[in-house]
Amino acid sequence: MNRRLILPLIVFLLGAVALAAAAFITFAPAGRQAGQSLASSVGGPFSLTTAEGKTLTDKDLRGAPFLVFFGFTHCPDICPTKLFEISEVLRAAGTKGEKLRALFISVDPERDTVETLKSYLGSFDPRIIGLTGDRAAIDAAIKAYRGYSKKVPLKDGDYTMDHTALVYLMDKNGGFVGAFNIERPPAEAAQEWLRHL
């Protein structure tokens, strides 16, 4: 084999191994028992504060499938785009979707106060529930959903947040169904969501 091809091949293989290891760490927690499914390891108890200042727990959502999306109000593009897409899916669900809810859990509770969340979410479907809390409560929710967030400093002294952009579909008992493809026609996405009622 040509020596000039060996180094790139080795680098590629190491990258592939690192990517596989990252996926395994994300979706195969050490505490999972043999035979326990991925679905049972994603999601779990949480207690956070809504944009109306009320406490919301995972138990309050039982009885209807819901979506979970982690983000923050200072997000320049991904978060508002996802929230718009979720709003369109909820609209497409029509009256059949009255019980559907989507959670927007802030990964930036220092800036995302109750008032900030309420103002920000005023542009989206009212069935999207904004949630915040103290840092420990937010971190616990991120961990429960096998998510990720990290504060990233900017040159001007401000910061942004790097975070998981996955939309989680949870069933009516709070169990993980799978990643919800929000980038398809709203009527098609709504039909999938409604199937879990």
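Everything that follows concerns the structure shown earlier in this document.
Below is a summary of the structure that appears in this document.

**Some details on the overall build of the protein**
Reasoning step 1: Within the protein, the secondary structure is distributed over five helices and nine strands.
Reasoning step 2: Order of helices (α) and strands (β) in the protein, N terminus to C terminus: α-β-β-β-α-β-α-β-α-β-β-β-β-α.
Reasoning step 3: The long-range share in the protein, meaning contacts at least 24 apart out of those at least 6 apart in sequence, stands at 70%.
Reasoning step 4: Summed over all atoms, the accessible surface of the protein reaches about 11100 Å², with 59% contributed by carbon and sulfur.

**A closer look at the packing of aromatic side chains**
Reasoning step 1: Under the definition given, this model contains eight aromatic pairs.
Reasoning step 2: Residue placement shows K151 over the ring face of Y159; its charged tip is 4.3 Å from the ring centre.
Reasoning step 3: Across from the ring centre of F180, 5.1 Å away, lies the NZ or CZ of R184, which sits over that ring.

**As for the layout of surface pockets**
Reasoning step 1: As a volume, the largest pocket reaches approximately 150 Å³.
Reasoning step 2: In terms of lining, the largest pocket is formed by T50, A51, E52, K118, L121, G122, F124, D125, P126, I128, I129 and G130.
Reasoning step 3: At the level of secondary structure, the elements contributing two or more residues to the lining of the largest pocket comprise helix 3 (114–121) and strand 5 (128–132).
Reasoning step 4: Ranked by residue count, the leading element in the lining of the largest pocket is strand 5, at three residues.
Reasoning step 5: The residue inventory of the lining of the largest pocket, partitioned by class, reads six nonpolar, three polar and three charged.

**A look at the state of the cysteines**
Reasoning step 1: Going through the model one piece at a time under the given rule, you end up with zero disulfides.
Reasoning step 2: You can see C75 has no disulfide; the closest cysteine sulfur is in C79, sitting 3.0 Å from it.
Reasoning step 3: Among the residues examined, C75 registers a relative accessible area of 9% and is labelled buried.
Reasoning step 4: Taking relative accessible area as the criterion, C79 reaches 0% and is therefore assigned buried.

**Here's the deal with helix 3**
Reasoning step 1: Buried residues of helix 3: L117, Y120 and L121, and no others. Down the axis of helix 3, the sector holding all buried residues measures 85°, keeping them to one side. Of the exposed residues in helix 3, those oriented more than 90 degrees away from the buried face are E115, K118 and S119.

**Looking at the packing of helix 2 (residues 78–93) against helix 5 (residues 186–194)**
Reasoning step 1: In the contact formed by helix 2 and helix 5, the axes pass within 8 Å of each other and the chain directions differ by 70°. Between helix 2 and helix 5, the angle is such that the two are roughly perpendicular. Residues E88, V89, L90, A92 and A93 of helix 2 touch helix 5, and the partners they reach there are P186, A187, A189, A190, W193 and L194.
Reasoning step 2: Classifying every residue of the contact of helix 2 with helix 5 by side-chain character gives ten nonpolar, no polar and one charged.

**Brief notes about the pairing of strand 7 (residues 159–163)**
Residues in a regular strand point their side chains to alternate faces of the sheet.
Reasoning step 1: In strand 7, alternate side chains face the same way, and those of Y159, M161 and H163 are buried while those of T160 and D162 on the opposite face are not.
Reasoning step 2: Where strand 6 (residues 149–153) lies against strand 7, five bridges are found, and the strand directions are antiparallel. For S149, the partnering residue across the bridge sits in strand 7 and is H163.
Reasoning step 3: As consecutive antiparallel partners, strand 6 and strand 7 are separated by five residues, and within that stretch G157 has a phi angle of approximately 95°, a positive value.

**Digging into the nonpolar core**
Reasoning step 1: The biggest cluster of nonpolar side chains holds 50 residues, and the ones touching the most others in it are L103 and Y145.
Reasoning step 2: At six residues, helix 2 tops the list of elements feeding residues into this core.
Reasoning step 3: When neighbours within four sequence positions are excluded, L103 is seen to be in contact with F46, L56, L61, F66, L67, V68, F69, I129 and L131.

What counts and how
- Residues numbered from 1 in each chain as written.
- Predicted model: local features only at pLDDT ≥ 70, side-chain atom pairs only at ≥ 80, totals over all residues.
- Heavy atoms only, no water.
- Helix = DSSP H or I, 4+ residues; strand = E, 2+ residues; numbered from the N terminus.
- Contact = heavy atoms within 4.5 Å.
- Areas by Shrake-Rupley, 256 points an atom, 1.4 Å probe, with all protein chains shown as cover.
- Phe/Tyr/Trp six-rings, centres within 6.5 Å; stacked < 30°, edge-to-face > 60°.
- Lys NZ or Arg CZ within 6 Å of the ring centre and 35° of its normal.
- 1 Å grid on protein atoms, 1.4 Å probe; cavity = no way out; pocket = protein on both sides within 12 Å on 5 of 7 lines; lining within 4 Å.
- Points joined across faces, edges and corners; volume = space filled by probe spheres on them.
- Nonpolar A, V, L, I, M, F, W, Y, C, P; charged D, E, K, R; others polar.
- Disulfide = S-S within 2.5 Å.
- Buried < 20%, exposed > 50% of the residue type's maximum accessible area, 1.4 Å probe, protein only.
- Arc of directions from axis to C-beta.
- Axes fitted to C-alpha atoms, helices over the stretch in contact; angles between N-to-C directions.
- Parallel < 35°, antiparallel > 145°, perpendicular 65-115°, else oblique.
- Pairing = 2+ DSSP bridges.
- Core = buried A, V, L, I, M, F, W, Y, C linked by side-chain atoms within 4.5 Å.

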